[in-house]
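Read off the chains here:
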Amino acid sequence: MEEVCLNSEPAFDEVDKYKDGQDCTMMDHDDESIDTHSRKEPLSPTIGLEYESFDEAYDFYNIYAKEQGFGIRVSNSWFRSKRKERYRAKLSCSSAGFKKKSEANHPRPETRTGCPAMIVLKLVDSRRWRVVEVELEHNHPISPEIKRFYKSHKRMVLAAKKANKTEPVKEIHTIKLFRTAAVGSPCDGYSNVDEGEGRNPIDHSHSQSHSPSKHLELSDGDTHAVYNYFCRMKLTNPNFFYLMDLDDEGRLRNVFWADARSRGAYNYFCDTIVIDTTCLANKYEIPLISFVGMNHHGESVLFGCGFLGDESVDYFVWMFKTWLTCMLGRSPQVIITDQLKPLKMAVSEVFPQARHCYCVGYITQRLPEKLGGLKGYEAIKQQLIKAVYDSLKIAEFETSWGDMIKRHGLWDNKWLQALYEDRERWVPVYLKDSSFAGMIPIKENEGLNPFFDGYVHKHTSFKEFVDKYDLALQRKHLKEAAGDLDSRNELKTRCNFELQLSRVYTRGIFEKFQSEVEGMYSCFNTRQVNVNGPIITYVVKERVKGEGNEKEVRYYEVLFEMTRVEIRCICGLFNFRGYLCRHALNVLNYNGVEEIPLQYVLPRWSKDYKRRLPLENRVGDIVVNNPLQRYNNLYKRAVQVVEEGAQSQEHYKGVLQELEELLSKFSLINSNGV
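Since the model is a prediction, treat every value here as computed from it, not as a measurement.

Trainee: Before we go on, may I ask you to explain the overall build of the chain in this structure?
Mentor: Check the secondary structure of the chain and you find 21 helices and 20 strands. For the chain, the proportion of its 674 residues judged to be buried stands at 50%. Sequence separation of 24 or more characterises 65% of the internal contacts of the chain that already satisfy a separation of 6 or more.

Trainee: Would you mind going over the sheet that holds strand β20 (residues 566-569) with me for this structure?
Mentor: Strand pairing within a sheet occurs via backbone hydrogen bonds; the two strands may be parallel or antiparallel. With antiparallel pairing, the 4 strands of this open sheet are ordered in space as β17-β18-β19-β20. Two strands lie at the open edges of the sheet, namely β17 (523-532) and β20, each paired on one side alone. Sheet twist, expressed as the average angle between the axes of neighbouring strands with direction ignored, equals 25 degrees. The pairing of strand β19 (residues 551-561) with β20 spans 4 bridges and is classified as antiparallel.

Trainee: Just checking my understanding: could you explain the packing of aromatic side chains for this structure?
Mentor: Each aromatic ring pair is characterised by the separation of its centres together with the angle its planes make. For the structure shown, the criterion picks out 41 aromatic pairs. When the ring of Phe-307 is compared with that of Phe-462, the centres are 4.7 Å apart and the planes differ by 85 degrees; the resulting orientation is edge-to-face. Of this pair, Phe-307 sits in strand β14 (residues 300-307) while Phe-462 sits in helix α14 (residues 462-485), placing them 155 residues apart in sequence. Residue class for Phe-307 comes out buried when judged on its relative accessible area of 1%. Relative to Tyr-590, the ring of Tyr-538 has its centre 5.5 Å away and its plane inclined at 70 degrees; by these criteria the two rings are edge-to-face. Here Tyr-590 lies in helix α18 (residues 582-590) and Tyr-538 lies in strand β18 (residues 535-545), a separation of 52 residues in the sequence. Overall, the relative accessible area of 2% leaves Tyr-538 in the buried class. For Tyr-590, a relative accessible area of 48% translates into the label partly exposed.

Trainee: Just to check I follow, could you spell out unusual backbone geometry for this structure?
Mentor: Although it is not a glycine, Lys-283 sits at a positive phi angle of roughly 60 degrees. For Lys-283, the location among the structural elements is in the loop between α6 (278-281) and β13 (288-294). Look at Lys-283 and you get exposed, because its relative accessible area is 59%.

Trainee: What's the story with the pairing of strand β5 (residues 85-93) in this structure? I'm lost.
Mentor: Regular strands place their side chains on alternate faces of the sheet. Direction of pairing for strand β4 (residues 72-80) relative to β5: antiparallel, over a ladder of 8 bridges. Bridge pairing in β5 places Phe-79 opposite Arg-86. Note: β5 against strand β6 (residues 118-124), 5 bridges, orientation antiparallel. Bridged to Arg-88 within β6 is Lys-122.

Trainee: Hey, could you run me through the sheet that holds β13 in this one?
Mentor: Read from one edge of the open sheet, 7 strands run β10-β11-β14-β13-β12-β15-β16, paired in mixed fashion. With partners counted over all chains shown, the strands left at the sheet margins are β10 (241-246) and β16 (355-358), one partner each. Neighbour to neighbour, the strand axes of the sheet diverge by 20 degrees on average, direction disregarded. In terms of strand pairing, strand β15 (residues 334-337) meets β16 through 4 bridges, oriented parallel. The partner of Thr-337 across the bridge, within β16, is Tyr-358. Against the sheet, helix α7 (residues 313-326) engages β10, β11 (252-258), β12 (272-276), β13 and β14, with an angle of about 25 degrees to β11. Lying over the sheet, helix α8 (residues 341-350) contacts β15 and β16, oriented at roughly 165 degrees with respect to β16.

Trainee: Help me out: how do you make sense of a nonpolar patch on the surface in this one?
Mentor: A cluster of nonpolar residues, Leu-662, Leu-663, Phe-666 and Ile-669, forms a patch on the protein surface that exposes about 370 Å² of accessible area. Tracing the chain through its elements places Phe-666 in helix α21 (residues 649-671). By relative accessible area, which is 43% here, Phe-666 ends up partly exposed.

Trainee: I would appreciate a short explanation of the side chain of His-356 in the present structure.
Mentor: Relative to the helices and strands, His-356 resides in strand β16. Residue classification places His-356 among the buried residues on the basis of a relative accessible area of 8%. Apart from the residues lying within four places of it in its own chain, the contact partners of His-356 are Ile-335, Thr-337, Leu-343, Lys-344, Val-347 and Arg-425.

Trainee: What's the story with the packing of α7 against α8 in this structure? I'm lost.
Mentor: The relative placement of two packed helices comes down to the angle between their axes together with the axis-to-axis distance. At their nearest, the axes of α7 and α8 sit 9 Å apart, and the two run at 40 degrees to each other. Our classification of the angle between α7 and α8 gives oblique. In the crossing of α7 with α8, the sense of the turn from one axis to the other is right-handed. Contacts from Val-313, Phe-316, Val-317, Phe-320, Lys-321 and Leu-324 in α7 reach Pro-342, Leu-343, Met-345, Ala-346, Val-347, Glu-349 and Val-350 in α8. Considering only residue class, the contact of α7 with α8 consists of 11 nonpolar, no polar and 2 charged.

Trainee: I'm lost on the nonpolar core in this one. Help?
Mentor: A general trend in soluble globular proteins is that nonpolar side chains are found buried together. Ile-567 and Ile-596 are the most contacted members of the largest nonpolar core, which has 49 residues in total. With residues near it in sequence (within four places) discarded, Ile-596 still touches Phe-497, Gln-500, Leu-501, Phe-513, Leu-580, Leu-585 and Val-601. Membership of the second largest hydrophobic core comes to 35 residues, among which are Ile-273, Phe-303, Tyr-315 and Ala-346.

Trainee: Help me out: how do you make sense of the packing of helix α11 (residues 377-390) against helix α12 (residues 394-408) in this one?
Mentor: At a closest axis distance of 8 Å, the pairing of α11 and α12 adopts a crossing angle of 170 degrees. Taken together, α11 and α12 sit at an angle that is classed as roughly antiparallel. Taking contact as the criterion, the partners of Ala-379, Ile-380, Gln-383, Leu-384, Ala-387, Val-388 and Asp-390 in α11 are, on α12, Glu-396, Phe-397, Ser-400, Trp-401, Asp-403, Met-404, Arg-407 and His-408. Of the residues belonging to the contact of α11 with α12, the class tally is 8 nonpolar, 3 polar and 4 charged.

Trainee: For this particular structure, what's the right way to read helix α1 (residues 54-68)?
Mentor: Each turn of an α-helix holds 3.6 residues, which means side chains three or four residues apart point in the same direction. With 15 residues, α1 extends 21 Å between its outermost C-alpha atoms, agreeing within 8% with the 21 Å of an ideal straight helix rising 1.5 Å per residue. Burial analysis of α1 places 13 of its 15 residues in the buried class, which makes it a mostly covered element. Looking one or two places after α1, you find Gly-69, whose phi comes out positive at around 105 degrees.

Trainee: I keep staring at the pairing of β6 and nothing clicks. Help me out?
Mentor: Buried residues dominate β6, accounting for 6 of its 7 residues. Both β6 and strand β7 (residues 128-135) contribute to a ladder of 7 bridges, which runs antiparallel. The residue of β7 that forms the bridge with Leu-123 is Trp-129. In textbook terms, the turn of a hairpin is the stretch between consecutive antiparallel strands, and for β6 and β7 this stretch comprises 3 residues, one of which, Asp-125, has a positive phi near 55 degrees.

Rules behind the numbers
- Residues numbered from 1 in each chain as written.
- Predicted model: local features only at pLDDT ≥ 70, side-chain atom pairs only at ≥ 80, totals over all residues.
- Heavy atoms only, no water.
- Helix = DSSP H or I, 4+ residues; strand = E, 2+ residues; numbered from the N terminus.
- Buried < 20%, exposed > 50% of the residue type's maximum accessible area, 1.4 Å probe, protein only.
- Contact = heavy atoms within 4.5 Å.
- Pairing = 2+ DSSP bridges.
- Axes fitted to C-alpha atoms, helices over the stretch in contact; angles between N-to-C directions.
- Phe/Tyr/Trp six-rings, centres within 6.5 Å; stacked < 30°, edge-to-face > 60°.
- Patch = residues over 30% accessible without salt bridge, like charges linked within 9 Å, V, L, I, M, F, W, Y side chains within 5 Å.
- Areas by Shrake-Rupley, 256 points an atom, 1.4 Å probe, with all protein chains shown as cover.
- Salt bridge = Lys/Arg side-chain N within 4 Å of Asp/Glu carboxyl O.
- Parallel < 35°, antiparallel > 145°, perpendicular 65-115°, else oblique.
- Left-handed = near helix turned anticlockwise from the far one by under 90°.
- Nonpolar A, V, L, I, M, F, W, Y, C, P; charged D, E, K, R; others polar.
- Core = buried A, V, L, I, M, F, W, Y, C linked by side-chain atoms within 4.5 Å.
- Expected span 1.5 Å × (residues − 1).

Here is the structure:
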């Protein structure tokens, strides 16, 4: 298990044993060698910190106490009666409690103040000691500047001198970070990972061997904020996953994390993801990278995020492999990223089976930067946008693009050359054979806002982001929960298609589909132009906005297979958005089809999608020794219980009663030590 040091000084290896309740009164000591050569702000005790032994936990609190200016003692311990094994302990300030009254003629004066400062430690999994309670406030003055030392500090000095009599003693805060899983090569399906075995798995040698590795630039406050957040989340969120990547000198290169909700959401919406590197592209203070999907309301949902130390292939590979391990090796079908060569290489290595596309919105946002200095920029921009968004056929795009290059003499523009070479990854006309769940913009000025839009700006610090992270997720979750409970859809037409999907789809998706139903009235002159066996080709005319908001008529070809009632429009809206377009609806209506065929009513947009989704694994298929798989399987079943319980007050009371009884049963089992 890997240790992460939050400074660079050596740790103590030997300590004395401690007796419960031992008095730690102050003693004079003038040995300057015990003082730290560079006094740094110590890491405060935090709920969730874990240690490999009780002695290690004692050392940590003792070092913290010395730097704050107070002594400590073991004030209480709890033991299992049969095995005489300590499983809980309380470390208190040496001024805690009060001494027993003495009947001696000249009793010593009372030196204790009943100080409440303390930490409580608990043995978990029979191998680690976790901080479960913390009180930092004292009821008496403390000062690290007083040149006097407590007995607990003297033990620390004697142990260090015994370990090395010739070297000056230096203090350190060595903190164990217990990760959720190990990262290796990409996994297929579930991987057998041990929750306690976090490691630094990626070999950075092939791109970093002749230059020093880059790392995250964290201030002391940032380090503490990130670390404390992980500790708190691991305690309160059992399926919280995080992993840190360190270089040979113990510096932090990358970090990734995902909470239980993000991991659970990926079970439902894993078809298409966006790897958002907006903060990297815009040179924000925090090098944030986010994994984002689309939920059944058409809203973005977070699947995890991290901080990236460098925009190189190896660093992206580490981040992607870590995320894939967090999601139990289940790769998405489509991955959308910015157009960066390191990203392209890393996605190809980690996700070889996925369709990798570039977000056209990222590319068009760079037009002013890349082409703004050219003569006739506005005309170039207008023609490029028209070629990208208005081309219904590949030949149309090729002709329009070529005309732009020729008209403005852009043959030598390297950026446009690279875009053209990668056109099959980002131009919509080349992407109609894949499903994107609404995550690819197909019109000008469309696009997904970054998940943390409004929470992150160019100068947001690591500490500030960690503070805002929970708030952003909480608001997103509340919005989704409100949408689940209120999906009443209002009709605007008398169309049967609208009525059909009003009963099925969430409000967010239904309103988008509703615009297609209303758009049927802008279509006209649907006519049959070709018959090839059971496949009939239709042409549908539509009045659309052209240049200068002038109305123009466009022609859309629609293929209709009569026997299986299959339909496909040249605009490709169904694959891009997940619901049929106005042109296809017109052809269905023209042929007397009163309801949309079920293959075009996607379950992922349904109000009850989370309840209806079939569970992929049965109890017998789960590796019971793997905590990640246990949690993942239980979570999917529990969500169904929650969804049912939220349907009515009667269901809510019934579910709540059953859950309370189950928790009481587990509490009884734990108290009996079974």
